[in-house]
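As a plain string of letters, each chain reads:
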Amino acid sequence: MAPSHVVKCCQRGLSWIPVIFINLVVCWSYYAYVVELCIYTISNTEEQVIYLLVFHVFFFMFIWSYWKTIISKPASPSKEFCLPKVDKELYEKEENPEAQQEILKRVARNLPIYTRTGSGAIRYCDCCQLIKPDRCHHCSTCDRCVLKMDHHCPWVNNCVGFSNYKFFVLFLVYSMLYCVYIAATVLQYFIKFWTLCRRRAIEHCPENHLPDTHAKFHVLFLFFVAAMFFISILSLFSYHLWLVGKNRTTIEAFRAPVFRNGPDKNGFTLGFRKNVTQVFGDQKKYWCLPIYSSLGDGYTFPTRLVNADSEQGNVEHQAVKCTVDGQTNPRPLSESQNHLLGNDMHSEEQKESSPTNIEVCQPVSITIVNES
């Protein structure tokens, strides 16, 4: 037990190395830009002020979104998705996989679950001992199941999922803007310093030429580092922008979610505008800020096609609306989320008269309404 505990502690410590590296690079870039470039190199006061103001805006937004991604705890399934004590004992004693699946199916009838494994079985996590909600996956690094898991990012030492995916995308946006702004404003001085290094004859330079000081090394490396990071982040940002537009996670891009009718890579696609709203929320004033505004609860998601279990009713081409107890719901479903699939008019009379309305016991309730 002791060696295992020591190994885990060492792994946790080593996992912070990429984060420390990024922060050291950012601290150096701040010093190189503010002190070496703006204070020691640029002589024009107006240029200094403009450069510093814009720089600090990008710097602040970059640091804010980066650390929000790091400190946001990955959302995990609630206790409602754990097996009851009696069923858990039966499941552990049972050796027949088919009998185990029958136990899971019986428990899953009371849960809003529509995705399956590749073989059509209930998605169950043996490590966390719970039934996985839709789009939930187990992270071996964090050793937990994460709601709407996208991937585990070593550069933030955290799982990117439902609780912080918006912050992660904004982190990519502002880090890219931070790098491109530094590269663009440093470019003219980079050329001058590079020319100065090539000529190696300061006495023959014009009087208004930059002095040969240690600032030139910071400026030269600052341009190279900013350009290098911009190119690498641009490719990653482009990929995640595509994922947002398709309403997919990285895992779903490689392995399509499986419904009752089989794999469907576009199962959660609602259209570009509604897909973006799912991640950034329905209030545009919060889109550019690393403030939580994503729609939903992380347990259920609007789908363009749902084929439920026969025990839950055979439902096709229907919209799903789920309300979860406030204790397990990071943000109650907003009015606009209920509009996502065009089902914005649900009166009490319709609920009583509609034969397809299904109501599941608390604390999780799900209502399925026919689009037609």
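Conventions adopted
Residues numbered from 1 in each chain as written. Predicted model: local features only at pLDDT ≥ 70, side-chain atom pairs only at ≥ 80, totals over all residues. Heavy atoms only, no water. UniProt positions renumbered as here; feature names shortened; annotations may be inferred. Helix = DSSP H or I, 4+ residues; strand = E, 2+ residues; numbered from the N terminus. Salt bridge = Lys/Arg side-chain N within 4 Å of Asp/Glu carboxyl O. Buried < 20%, exposed > 50% of the residue type's maximum accessible area, 1.4 Å probe, protein only. Phe/Tyr/Trp six-rings, centres within 6.5 Å; stacked < 30°, edge-to-face > 60°. Lys NZ or Arg CZ within 6 Å of the ring centre and 35° of its normal. Axes fitted to C-alpha atoms, helices over the stretch in contact; angles between N-to-C directions. Parallel < 35°, antiparallel > 145°, perpendicular 65-115°, else oblique. Left-handed = near helix turned anticlockwise from the far one by under 90°. Contact = heavy atoms within 4.5 Å. Nonpolar A, V, L, I, M, F, W, Y, C, P; charged D, E, K, R; others polar.

Looking at an unreviewed UniProt entry, the protein chain carries the name Palmitoyltransferase, with the source organism given as Cyprinus carpio carpio. On record in UniProt, under Subcellular location (unreviewed entry), the comment for the protein chain is "Membrane".

> Please provide a residue-by-residue account of the UniProt feature "transmembrane region" (unreviewed entry) in the protein chain, values included.
As annotated by UniProt and renumbered to match this structure, "transmembrane region" (unreviewed entry) occupies residues 20–42, 49–67, 167–191 and 219–242. In the segment residues 49–67, helix accounts for 100% and strand for 0%; the C-alpha atoms at its two ends are 27 Å apart.

> Just give me the short version of the pattern of salt bridges, but keep the residues and values in it.
Working definition: two side chains of opposite charge can pair if their charged atoms are close together. One pass over the structure, following the stated rule, counts two salt bridges. Of the charged contacts in the structure, one is a salt bridge between Glu 252 and Arg 135, with a shortest N-O distance of 2.8 Å. Residue Glu 252 is located in helix α8 (residues 250–254), and its partner Arg 135 is located in the loop between β2 (130–131) and β3 (137–139); the two are separated by 117 residues in the primary sequence. You can call Glu 252 buried: its relative accessible area is 6%. Here Arg 135 falls in the buried class, since its relative accessible area comes to 3%.

> Explain the packing of aromatic side chains to me, and be specific about the residues and the numbers.
The full count for this structure, using the stated rule, is 26 aromatic pairs. When the ring of Tyr 33 is compared with that of Phe 55, the centres are 4.5 Å apart and the planes differ by 10°; the resulting orientation is stacked. You can see Tyr 33 sitting in helix α2 (residues 17–39) and its partner Phe 55 sitting in helix α3 (residues 45–71), a full 22 residues away along the chain. Comparing Tyr 33 with Phe 55, the two get one shared label, buried. Between Phe 280 and Trp 287, the ring centres sit 6.1 Å apart and the planes meet at 45°, which makes this aromatic pair tilted. The residue whose ring lies beneath Arg 135 is Phe 268, and the NZ or CZ to ring-centre distance is 4.2 Å.

> Outline the packing of α2 against helix α7 (residues 215–246), listing residues and values.
Closest axis-to-axis distance for the α2/α7 pair is 10 Å, and the angle between their directions is 130°. Our classification of the angle between α2 and α7 gives oblique. Crossing handedness for the pair α2 and α7: left-handed. Between α2 and α7, the residues in contact are Ile 22, Val 25, Trp 28, Ser 29, Tyr 31, Ala 32, Tyr 33, Glu 36 and Leu 37 and Ala 215, His 218, Val 219, Phe 221, Leu 222, Val 225 and Phe 229, respectively. Each residue belonging to the contact of α2 with α7 can be placed in one class, and the counts come to 13 nonpolar, two polar and one charged.

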